[in-house]
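# Structural description and commentary
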Protein chains: 4
Amino acid sequence: MTYLNPEAWLNLNRVVRFGDTDAAGVMHFLQLFRWCHEAWEESLEIYGLEASSIFPQTNFQKDDAKDLIGLPIVHCHADFLRPLHNGDYVDIELRPEKLERGRFQIEFNFKKNNTKVAKGLIRHQAINSHTRKCCLLPDEITLWLEASSVTRGITTCN
Amino acid sequence: MTYLNPEAWLNLNRVVRFGDTDAAGVMHFLQLFRWCHEAWEESLEIYGLEASSIFPQTNFQKDDAKDLIGLPIVHCHADFLRPLHNGDYVDIELRPEKLERGRFQIEFNFKKNNTKVAKGLIRHQAINSHTRKCCLLPDEITLWLEASSVTRGITTCN
Amino acid sequence: MTYLNPEAWLNLNRVVRFGDTDAAGVMHFLQLFRWCHEAWEESLEIYGLEASSIFPQTNFQKDDAKDLIGLPIVHCHADFLRPLHNGDYVDIELRPEKLERGRFQIEFNFKKNNTKVAKGLIRHQAINSHTRKCCLLPDEITLWLEASSVTRGITTCN
Amino acid sequence: MTYLNPEAWLNLNRVVRFGDTDAAGVMHFLQLFRWCHEAWEESLEIYGLEASSIFPQTNFQKDDAKDLIGLPIVHCHADFLRPLHNGDYVDIELRPEKLERGRFQIEFNFKKNNTKVAKGLIRHQAINSHTRKCCLLPDEITLWLEASSVTRGITTCN
């Protein structure tokens, strides 16, 4: 589907914006999870996957909605090491990992000037959106997970 | 449906929370619109309407989704008069008004210690969620609008 | 400071609002952390502590800002067990715990109709806001932590 | 300060992310204001202004905080013309305008595939952050406003 080096879709960046801060003058903690999810979406996009093929859309008009695979988040966590301020440039490294039984997770490492400032992790479970029962990962996600593991020494997908 | 005085569902309150603030130490402007929409939801709830009868839900499982009426926001505005800080108690007064052609709007007045600190307005348009064409307001919303105008001198619904 | 039973400030509730949902039709995952933090703020308020004594405020005008104790979040996590929809009533149980070296954490259990739907945890570190070095917890927080452990069989504060 | 064509900092773009949507399957209305503010911050950045020179920062450590100029939002509005879905590419055109008495506003036009989908407007008032009294705009903002009006037929700054 794509011949880009995984580096291209696993190393992103963003700038801390004013609305990300709170009255302590630093990044409000839950914004980190927004950055994680948006970085994941950007990663899929650079890899070549369209949002509409992965994420639920308005489904009022869809008769085939029954067969959609949903990817709800079942667990997430974050560690905050240093404060981030408005205007800070942040590098985001993604480390996706396929898990058993239709699960996968992504670890996100946040760096500012090469210093680790935070890390987050989001774990998804594939489900049938109609029955909400666990199911296998969509093929597109499996491909992205496998392509993402190429440059890493450890084989995370098997 | 209910015999409460409109005062009960048109006069609400909330507390400014830490996550509502930004690095200027005061309420971040767009939170006001979140308060407006949540106050409207709370108002409908106190009046006696269930969220599931008004707002779109997961519709993967619904075969009757075609006939849902959506109420997207077509316009909103806000004026900010005084800063709000974390912990401030805010009174919210709702002034709903029925408009022509499946539209209605709600004006929200925010007061702190009886001093007006901000106001907002949200205007909705009823549409058929399937075709996205304009349609008449749902009966429940019309009832709420009419009940809400009872105590006010001016007749806003006709 | 207060003679309320801890039950009063450790058992809260809220309603899932439309803005908490995403295109999958259910609560967007990071809103849970907003609920956690807001539940904590509400708990302190019911216990009798003012937000201004705990949380940073606009400090342009404060000359004594140097001595403020900040309580940044150093870790958080959440598990999502069942989907939550707009309009759902959610019970929130707080389980605060004092940790060593100026740290404390709060576990939040979310239930809908007595069924556990999610849990979250937020861990704070007391720091001197001027130097950003670790320090002891503010007295008010220690009192709240101790009062909160009264009804529980286990002694979490020592 | 910079010799870029204003086109460079007044024509931006972004992608609608999953967390921007709500259970109606489309962009939740208040996200538009987040995009507006972030587009403005990005515009200042491309023009050559650092966030730290414009926006309040953690000021626990600043003794010179008294002289900061704040730029609180005094008014904003938005019109929503067409629904936006997750994954949509959106072009954002900024039209800044200097107003009298330390005020300025920015109109934001949002287009998808060259079709206007929404517009927003944010109006700021310069104030002395210490006294909160109105004051003149910071020089940096005035320069950005003047540079931004160069390519437009109408002179918006005088």
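Residues numbered from 1 in each chain as written. Chains lettered and ligands numbered in written order. Predicted model: local features only at pLDDT ≥ 70, side-chain atom pairs only at ≥ 80, totals over all residues. Heavy atoms only, no water.

### As for the interface of chain B and chain D
Between chain B and chain D, the residue contacts involve 21 residues of the former and 21 residues of the latter. Overall, the association of chain B and chain D removes approximately 1,800 Å² of surface from exposure, summing both partners, and the carbon and sulfur fraction of that is 68%. On the surface where chain B and chain D come into contact, there are zero salt bridges. Scanning the region where chain B abuts chain D turns up eight residue pairs in polar contact (both at pLDDT 80 or more). Where the side of chain B that touches chain D is concerned, the elements lending two or more residues are helix H2 (31–47) and strand E3 (73–80) of chain B. No other element matches the eight residues that E3 of chain B contributes to the side of chain B that touches chain D. Per-class residue counts for the side of chain B that touches chain D are 14 nonpolar, four polar and three charged. (Contact = heavy atoms within 4.5 Å. Buried area = accessible area lost by both parts, 1.4 Å probe. Salt bridge = Lys/Arg side-chain N within 4 Å of Asp/Glu carboxyl O. Polar contact = N/O pair within 3.5 Å; in protein donor to acceptor, adjacent residues only side chain to side chain. Helix = DSSP H or I, 4+ residues; strand = E, 2+ residues; numbered from the N terminus. Nonpolar A, V, L, I, M, F, W, Y, C, P; charged D, E, K, R; others polar.)

### Comments concerning the relation of the copies chain C and chain A
Applying a rotation about an axis and a shift along it to one chain copy brings it onto the other copy. Rotating chain C by 180° and moving it 0.0 Å along the rotation axis overlays it on chain A with an RMSD of 0.0 Å. Expressed as an axis order, the relation between the two copies is that of a two-fold axis. By C-alpha distance to the rotation axis, the residue of chain C lying nearest is His77 of chain C, at 1.9 Å. (Least-squares fit on C-alpha atoms with pLDDT ≥ 70 in both.)

### Looking at the interface of chain C and chain A
With 21 residues of chain C at the interface, the matching set in chain A holds 21 residues. A per-residue breakdown of the area chain C buries against chain A is headed by Phe29, Leu30 and Phe80 of chain C, which together make up 27% of the total. Across the chain C-chain A interface, the total number found is zero salt bridges. On the surface where chain C and chain A come into contact, there are eight residue pairs in polar contact (both at pLDDT 80 or more). Only helix H2 (31–47) and strand E3 (73–80) of chain C provide two or more residues apiece to the side of chain C that touches chain A. Here the side of chain C that touches chain A gets eight residues from one element, more than from any other, and that element is E3 of chain C.

### Observations regarding the pairing of E3 of chain C
By the criterion of burial, E3 of chain C is predominantly enclosed, with six of the eight residues buried. Sheet analysis places strand E3 (residues 73–80) of chain A next to E3 of chain C, joined by five bridges and oriented antiparallel. Across the sheet, residue Ala78 of chain A finds its bridge partner in E3 of chain C, namely Cys76 of chain C. Both E3 of chain C and strand E6 (residues 115–125) of chain C contribute to a ladder of seven bridges, which runs antiparallel. When the bridges of E6 of chain C are listed, His77 of chain C appears paired with Leu121 of chain C. (Buried < 20%, exposed > 50% of the residue type's maximum accessible area, 1.4 Å probe, protein only. Pairing = 2+ DSSP bridges.)

### Describing helix H4 (residues 139–148) of chain A
Within H4 of chain A the residues assigned to the buried category are Ile141, Thr142, Trp144, Leu145, Ala147 and Ser148 of chain A. In this fold, the buried residues of H4 of chain A make contact with helix H1 (7–10), helix H2 (31–47), helix H3 (51–54), strand E4 (89–98) and strand E5 (103–112) of chain A.

### A few points about the relation of the copies chain B and chain D
Between chain B and chain D, the superposition needs a rotation of 180° and an axial shift of 0.0 Å, giving an RMSD of 0.0 Å. Most of the interface of chain B is mirrored in chain D, where 100% of its interface residues are also at the interface.

### Here's the deal with the sheet that holds strand E1 (residues 11–15) of chain D
Strand order in the open sheet formed by 10 strands is E1(B)-E4(B)-E5(B)-E6(B)-E3(B)-E3(D)-E6(D)-E5(D)-E4(D)-E1(D), with antiparallel pairing between adjacent strands. This sheet does not close on itself; its edge strands, each paired only once, are strand E1 (11–15) of chain B together with E1 of chain D. The mean inter-strand angle of the sheet, taken between neighbouring strand axes irrespective of direction, is 20°. With five bridges connecting them, E1 of chain D and strand E4 (residues 89–98) of chain D associate as antiparallel partners. Within the sheet, the bridge partner assigned to Leu12 of chain D lies in E4 of chain D and is Ile92 of chain D. (Axes fitted to C-alpha atoms, helices over the stretch in contact; angles between N-to-C directions.)

### Notes on unusual backbone geometry
Look at Arg132 of chain A: it is not a glycine, yet its phi comes out positive at around 60°. Looking at the element boundaries, Arg132 of chain A is found in the loop between strand E7 (127–128) and H4. Residue Arg132 of chain A is classed as partly exposed on the basis of its relative accessible area of 32%. Even without being glycine, Asn114 of chain B reaches a positive phi, approximately 65°. Relative to the elements of secondary structure, Asn114 of chain B occurs in the loop between strand E5 (103–112) and strand E6 (115–125).

### Side note on the state of the cysteines
The tally for this structure, following the rule as stated, stands at zero disulfides over all chains. Cys36 of chain B takes part in no disulfide bond, and the closest cysteine sulfur to it belongs to Cys76 of chain B, at a distance of 8.5 Å. Unpaired in terms of disulfides, Cys76 of chain B finds its nearest cysteine sulfur in Cys76 of chain D, a separation of 6.7 Å. According to the relative accessible area criterion, Cys76 of chain B is buried, its value standing at 0%. (Disulfide = S-S within 2.5 Å.)

### Thoughts on the environment of Asn109 of chain D
Residues and elements named next belong to chain D. In this fold, Asn109 is placed in strand E5 (residues 103–112). Look at Asn109 and you get buried, because its relative accessible area is 6%. Counting along the chain gives 16 residues from Asn109 to Glu93, while the straight-line C-alpha distance between them is 5.1 Å. Residues contacting Asn109, with those up to four places away along its chain left out, are Asp91, Ile92, Glu93, Arg95, Lys116, Ala118 and Lys119.

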